[in-house]
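Chain residues, written in single-letter form:
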Amino acid sequence: MDFPILSAVTFLPLAGAILILLIKALTGAQIRADGTEDDRVMYAGLLFSVATFIVSIVMFLSFDLNGTGYQLVEEVDWFSGIKYKMGIDGMSLLLILLTTLLTPIALIASIGSINKRLTEYVVSFLVLETFMIGVFCALDLVVFYVFFEAGLIPMFIIIGVWGGIDRIYASFKFFLYTLLGSLFMLAAVVYMYLTAGTSDVVQLEQYAFDPGAQTWLWLAFFASFAVKLPMWPVHTWLPDAHVQAPTAGSVILAGILLKMGGYGFLRFSLPMFPDASVMFQPFVFTISVIAIVYASLVAWRQTDMKKLIAYSSVAHMGFVTLGIFSFTEIGVQGAVFQMLSHGLISGALFLIVGVVYDRMHTRDISAYGGLVHRMPVYATLFMLFTMANVGLPGTSGFVGEILTMVGAFQANTWAAAGAALGVIFSAVYMLTLYRRTVFGEITNPELENIQDVNTKELICLIPLAIGTILLGILPNLIFDITRESSLHALAQVAGG
Amino acid sequence: MFDLETILTAIAPEVLLAAAGLLGVTIGAFLGDRFNGLSFKFGALVLFAAAALAGYHWEGGRAFDGLVETSSYANFAKVVSFVSGGIALLMAEGFLRRHETLRYEYSLLIIFAALGMGMILSSANFMTLYLGVETLSLSSYVLASFHRDSPRSSEAGLKYFVLGALASGLLLYGMSLVYGFSGSTSYEIVAEAEPTMGLLFGMVLMITGLAFKVSAAPMHVWTPDVYEGSPSPVVAFFATAPKMASMVVFAIVLYTAFPQVTAFENWQVIVGIIAAASMIVGAFGALPQTNLKRLLGYSSIANMGYALVAVAAGVQYGAGSLLIFMTAYVIASLGLFGGVLSMRREGGMVEDINELAGLVRRQPGLASALTLLLVSVSGFPLAFGFLGKLAVIQAGVSSGMWPLVIILVLSSVIAMYYYLRIVKIMWFDEQAEDFEPVDGWVTTTVYISALVSVALLIFVAPFSELAETVAAGLIS
């Protein structure tokens, strides 16, 4: 058997977390009198997440880009015919790379801005990374469920310990909302396991559930993924969670956790319940368009920068569902692209907000204004990501939005028209945000001495900026890798 | 027919427990207080030996003209019950010593309670069942009021006794009706009997009596009070060994005396309703609780509700799931009550959940272990409890009881709230004072049960195969 590279990528962060805890326990690292901790632990965590990134690059290199089906498959019996089965295709490959890229960035961004309970912080992030990668690798429904759910605990702790004022409320809301959706999915998984006699994803894709059962199964899976994505009207946990989470938590939440919903639709709902997916297409289109328009309008009226970006995430995820449920190759390709691109852009935007929040300790838009006079580099980067979020051609945001809309147009003209409205609104709220914080005269005297972005922040933002532009100019880099998996996701729907 | 060989294959653990209990009484009479400390090791050793004997005579057998019959299914439950009872006994010693109630009667009562558990698990006749239930219950009443100078403990014992006696009465009355309408007290013969209204009545009364013993709603009202009032190590015992034994007996009686192939399938509906009521009561009842023991009492009601879903699924679908679920619950509960026993400050034990505030700062190991155990008992992935809940959902889905599955899902989410609240207090809140160190058995139990909960999540295959095998034996 080959070296289990997927398990290595998945469990390396967890091993790092355990090691850090052991070292801490053995050396009895002391908490200083002022409550701060030795921040070497932060670098130790960073080391492991960078190592994970490197191993994931190795994984990328051992992946055959021209191959078909799932690759690098690992299988070990677990119990009662349920297997620990891992394997990836193009789509999951890129989502794993996104995860292993964003985690070190999130940790770098935390250096200096997080100064209490560092060990627990680092351990939470590393554990979370393991579960996120596991979600994208799992090829068995029960294994997938375990990873999918388990990630809630570290995120719950991240929001609850290092979050803002209302962190307790936000963390509970985040947890219970997601759990409710997931447990319905669990019941559906059990039913599928009992009916088809397996929980292996590859075999379940071949199994034809009867249309009546498909409807219920689809709804159960939808309950879980729609909350995670999130879709209107079950999105309300997201603004709370984002606003309260620390910057790094928001980056991971928007960058990766939200993508699990879209990934779930493509990996499970479409191939396994094709009839139900077709049946529910108008329903998904309706709420996607509502999400895009409604969330954009709500974003416009926000006074909190993070809340604004959170609502913009809801709108952008609307494009993802629109693309997926267009059942066209171009739409699905666009949706996958949009997920990756949004991972970079929203992550970057939360970091951008984090930069000024660390200096001013407020996210209130009206407290800012005229930042361009003091922070020119910051203003430039902010401009880039604003434009990317709006969907300016040349940035990755453009490609995702245009393709999902083209896909939706082929399926339903009205849905595409509604989504186009959302693109306009996104320009409205993003440019408003940019104008009010960056342009104009400095009105708040506290801003007079504000410092421009430092090296640490540049290290975080530059890779994301490069990624955003690169994907915008050369989108085929992505499409070549994801084409196979997009067609695979569509095979059943198109055939049936 | 008095064949020692046959008797021993069927009830060797019970013979040992009875002999050891009587020996203990004799030793106690001679040594007096000098036996106090030693008796706990003695009792634990006896219980572990009994578990080993149950494992040795795994296939079981039949004796006393069918008064007792032990299946490997029952032996599975015996092993878990005796081992957890032994661990609960070891955890009790330090607590009782500090409260100056370290008396050898405690361990002897546990041994007799274990004898009762063994008897009910080996019962094949209502007479044996009733004797076993009473042996277990009478020992439990005394244990509940073991701190006889404490009003709370006496109150707990009295409440438990009065309500328990009522339940025993119902059980006995049900048995007499069943006997009257079927002409026998043997499970086998009752199973073949013509279903009449009287028999049905008897069965319902018996279910009611048994529901009390497993603290299922609406016969649950004693649970929170007894959990809160009884000395903590006693609760650690109540929550584990007798729960396992009574729940499995509940299943065995229904499966063998009222099998679903006859016209007695009605019990499925009744048990289903009890299960739903327990899940709902357990979920909502725990929400406002701040006393950890009381909260765990409600949590056990909810968990018994989940277990009853497996029972209601019937022997074919639910029997194996029940064992997996109950074992997971017992392992997690032992650790959690170890946590309760660790909550000691100067001036005595504390029980309010807010006393756990910020525990992770000062005792990160204990806090992490307790978090894992809460995760396990809530059925969240990451620990063995998840596979228990998965098994129960599987039982519910395969027997087509969708309403129960949906109630299970919803009540799990509600229950998650109060488990999370404890996690929140341990992880998010400003820290309270340190706990005083407790004795090694308690700490060890907390860590071991957390480790076992995680280990069994990964290496569950042999365990679940065993559970399925013994459950299959029950069908034929």
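Look up: the structure comes first, before these words.
Residues numbered from 1 in each chain as written. Chains lettered and ligands numbered in written order. Predicted model: local features only at pLDDT ≥ 70, side-chain atom pairs only at ≥ 80, totals over all residues. Heavy atoms only, no water.

J.: Could you clarify how one ought to interpret the overall build of chain B in this entry?
T.: Scanning chain B from terminus to terminus reveals 20 helices and four strands. For a compact globule of 476 residues, the expected C-alpha radius of gyration is about 23 Å, and chain B comes in at 21 Å, within 12% of that figure. Once the C-alpha set of chain B is aligned to its principal axes, its extents read approximately 65 × 60 × 40 Å. For chain B, restricting intrachain contacts to residue pairs at least 6 apart in sequence, the fraction spanning at least 24 positions comes to 80%. Carbon and sulfur atoms form 66% of the exposed surface of chain B, whose accessible area is close to 16,300 Å². One finds the centroid of the 21 positive side-chain charges in chain B at a distance of 9 Å from the centroid of its 31 negative side-chain charges. (Helix = DSSP H or I, 4+ residues; strand = E, 2+ residues; numbered from the N terminus. Rg over C-alpha atoms; globule rule 2.2 N^0.38 Å. Contact = heavy atoms within 4.5 Å. Areas by Shrake-Rupley, 256 points an atom, 1.4 Å probe, with all protein chains shown as cover. Lys, Arg positive; Asp, Glu negative; His and termini not counted. Charge placed at Lys NZ, Arg CZ, Asp CG, Glu CD.)

J.: Just checking my understanding: could you explain the interface of chain A and chain B for this structure?
T.: Often, the extent of an interface is quoted as the loss of accessible area on bringing the components together. The interface is formed by 35 residues belonging to chain A together with 33 residues belonging to chain B. Between chain A and chain B lies a buried interface of about 3,200 Å² when both sides are counted; carbon and sulfur atoms form 84% of it. Looking only at chain A, the three residues that lose the most surface to chain B are W78, R117 and F172 of chain A, adding up to 17% of its buried area. Applying the counting rule to chain A against chain B returns one salt bridge. A salt bridge links E120 of chain A to R361 of chain B, with the shortest nitrogen-to-oxygen separation between them at 2.9 Å. (Buried area = accessible area lost by both parts, 1.4 Å probe. Salt bridge = Lys/Arg side-chain N within 4 Å of Asp/Glu carboxyl O.)

J.: Help me understand the packing of aromatic side chains in this model?
T.: We describe a pair of aromatic rings using the distance from one ring centre to the other and the angle between the two ring planes. For the structure on display, the rule yields 56 aromatic pairs over all chains. In this structure, K389 of chain B is placed above the aromatic ring of Y306 of chain B, and the distance from its NZ or CZ to the ring centre is 4.2 Å. (Phe/Tyr/Trp six-rings, centres within 6.5 Å; stacked < 30°, edge-to-face > 60°. Lys NZ or Arg CZ within 6 Å of the ring centre and 35° of its normal.)

J.: Honestly, the pairing of strand β2 (residues 82-88) of chain A in this entry has me stumped. Any pointers?
T.: One face of the sheet, then the other: side chains in a regular strand alternate in exactly this way. All names here are of chain A. Most of β2 sits out of view: seven of its seven residues are buried. Taking every second residue as pointing to the same face, both faces of β2 are buried, with I82, Y84, M86 and I88 on one and K83, K85 and G87 on the other. Of the strand pairs in this sheet, strand β1 (residues 71-79) and β2 are connected by six bridges, and their pairing is antiparallel. Bridging from a neighbouring strand, F79 pairs with I82 of β2. Between β1 and β2, which pair antiparallel in sequence order, lie two residues; one of them, S80, sits at a positive phi of approximately 45°. (Buried < 20%, exposed > 50% of the residue type's maximum accessible area, 1.4 Å probe, protein only. Pairing = 2+ DSSP bridges.)

J.: Teacher, can you tell me more about the layout of surface pockets here?
T.: It is the rolling of a water-molecule-sized probe over the atoms that shows where space remains empty. Estimates place the volume of the largest pocket at around 2,000 Å³. Only α1 (5-27), β1, α4 (118-137), α5 (141-150) and α6 (152-162) of chain A together with α15 (359-362), α16 (364-377) and α19 (440-458) of chain B provide two or more residues apiece to the lining of the largest pocket. The greatest single-element share of the lining of the largest pocket, amounting to eight residues, is contributed by α1 of chain A. Tallied by class, residues from the lining of the largest pocket come to 35 nonpolar, eight polar and five charged. (1 Å grid on protein atoms, 1.4 Å probe; cavity = no way out; pocket = protein on both sides within 12 Å on 5 of 7 lines; lining within 4 Å. Points joined across faces, edges and corners; volume = space filled by probe spheres on them. Nonpolar A, V, L, I, M, F, W, Y, C, P; charged D, E, K, R; others polar.)

J.: I would appreciate a short explanation of empty space enclosed by the protein in the present structure.
T.: All names here are of chain B. Counted according to the given criterion, the structure contains 13 cavities of 30 Å³ or more. As a volume, the largest cavity reaches approximately 130 Å³. For the largest cavity, the full set of lining residues is L136, S137, S140, Y160, K213, W222, F238, P242, K243 and S246. Of all the elements in the fold, those that place two or more residues in the lining of the largest cavity are α5 (126-144) and α11 (241-257). Of the residues belonging to the lining of the largest cavity, the class tally is five nonpolar, three polar and two charged.

J.: Would you mind going over helix α1 (residues 4-31) of chain B with me for this structure?
T.: For the α-helix, the turn length of 3.6 residues means that residues three or four positions removed from each other point alike. Residue and element names in this part refer to chain B. Compared with an ideal rise of 1.5 Å per residue, which puts 28 residues at 40 Å, α1 spans 32 Å between its outermost C-alpha atoms and falls more than 12% short. If you check which residues of α1 are buried, you get I7, A10, I11, A12, P13, E14, L17, A20, G21, G24 and G28. As for α1, its buried residues are in contact with α2 (35-56), β1 (62-63), β2 (68-69), α3 (72-98) and α4 (104-121). Between the side-chain oxygen of the N-cap and the backbone nitrogen of E5 there are 3.2 Å, and the N-cap of α1 in question is D3. Directly after α1, the chain includes G32, whose backbone phi takes a positive value near 65°. (Expected span 1.5 Å × (residues − 1). Polar contact = N/O pair within 3.5 Å; in protein donor to acceptor, adjacent residues only side chain to side chain.)

J.: Mind showing me how you'd approach the pattern of salt bridges here?
T.: Pairing is possible between side chains that carry opposite charge, provided their charged atoms lie close to one another. Residue and element names in this part refer to chain B. With the rule as written, the count across this model stands at 28 salt bridges over all chains. Between K78 and E14 there is a salt bridge, with its nearest N and O atoms 3.0 Å apart. One end of the pair, K78, is in helix α3; the other, E14, is in helix α1, and 64 residues separate them in sequence. An identical accessibility class is assigned to K78 and E14; each is buried.

J.: Would you mind showing me how to read the packing of helix α6 (residues 151-182) of chain B against helix α9 (residues 222-229) of chain B here?
T.: Think of two packed helices as two axes; the pair is described by the angle between the axes and how far apart they sit. Residues and elements named next belong to chain B. Taken N-terminus to C-terminus, the directions of α6 and α9 make an angle of 150°; their axes are 8 Å apart at the nearest point. When the interaxial angle is binned, α6 and α9 end up roughly antiparallel. Between α6 and α9 lies a crossing of left-handed hand. Together, R152, S153, A156, K159, Y160 and L163 of α6 and W222, D225, V226, E228 and G229 of α9 make up the contact between the two elements. (Axes fitted to C-alpha atoms, helices over the stretch in contact; angles between N-to-C directions. Parallel < 35°, antiparallel > 145°, perpendicular 65-115°, else oblique. Left-handed = near helix turned anticlockwise from the far one by under 90°.)

J.: Can you walk me through unusual backbone geometry in this structure?
T.: Only a minority of non-glycine residues have a phi that is not negative, and only a minority of peptide bonds are not trans. Geometrically, the link from W232 of chain A to P233 of chain A is a cis peptide bond, its omega value of 0° lying close to zero. The amide bond that connects A217 of chain B to the next residue, P218 of chain B, takes the cis arrangement and shows omega of 0°. Structurally, P218 of chain B can be placed in the loop between α8 (197-213) and α9. Positive phi is not limited to glycine here, since L72 of chain A has a value of about 55°. Mapping L72 of chain A onto the fold places it in strand β1. Judged by its relative accessible area of 24%, L72 of chain A is partly exposed. Notably, L382 of chain B is not glycine yet its phi reads approximately 105°, a positive angle. Locating L382 of chain B in the fold gives a position in the loop between α16 and α17 (384-398).

J.: Explanation requested: a nonpolar patch on the surface in the structure shown.
T.: Residue and element names in this part refer to chain A. Together, I462, I466, I469, L470, I473, L474 and L477 make up a nonpolar patch on the protein surface, roughly 600 Å² of accessible area in all. Here the element with the most residues in the nonpolar patch is helix α21 (residues 455-473); it accounts for five residues. On the secondary structure map, I469 appears in helix α21. (Patch = residues over 30% accessible without salt bridge, like charges linked within 9 Å, V, L, I, M, F, W, Y side chains within 5 Å.)

J.: Sorry if this is basic, but what is going on with α6 of chain B here?
T.: Taking 1.5 Å per residue as the helical rise, α6 of chain B with its 32 residues ought to reach 46 Å, and the 46 Å between its terminal C-alpha atoms agrees with that figure. At the C-terminal side of α6 of chain B, G183 of chain B shows a positive phi close to 80°.

J.: Quick question: what am I supposed to make of the side chain of E401 of chain A here?
T.: All names here are of chain A. Here E401 lies in helix α19 (residues 396-411). Buried charge without a partner: E401 forms no salt bridge, and the closest opposite charge is K259, 12 Å away. In contact with E401, other than residues within four places in its own chain, are H316, F319, Q338, N389, V390, G391 and V423.

J.: Even after reading the chapter, I still don't get the packing of helix α7 (residues 167-196) of chain A against helix α9 (residues 211-228) of chain A, so can you show me in this structure?
T.: Residues and elements named next belong to chain A. Where α7 contacts α9, the two axes come as close as 8 Å, and the packing angle between them is 150°. As judged from the angle between their axes, α7 and α9 are roughly antiparallel. Taken as a pair, α7 and α9 cross one another with a handedness that is left-handed. Contacts between α7 and α9 involve Y177, T178, G181, S182, F184, M185, A188, V189, Y191 and M192 from the former and A213, L217, A220, F221, A223, S224, F225, V227 and K228 from the latter. Counted by class, the contact of α7 with α9 contains 14 nonpolar, four polar and one charged residues.

J.: Quick question: what am I supposed to make of the environment of E5 of chain B here?
T.: In this fold, E5 of chain B is placed in helix α1. Through-space distance from the C-alpha of E5 of chain B to that of A63 of chain B is 9.7 Å; in sequence the pair is 58 residues apart.

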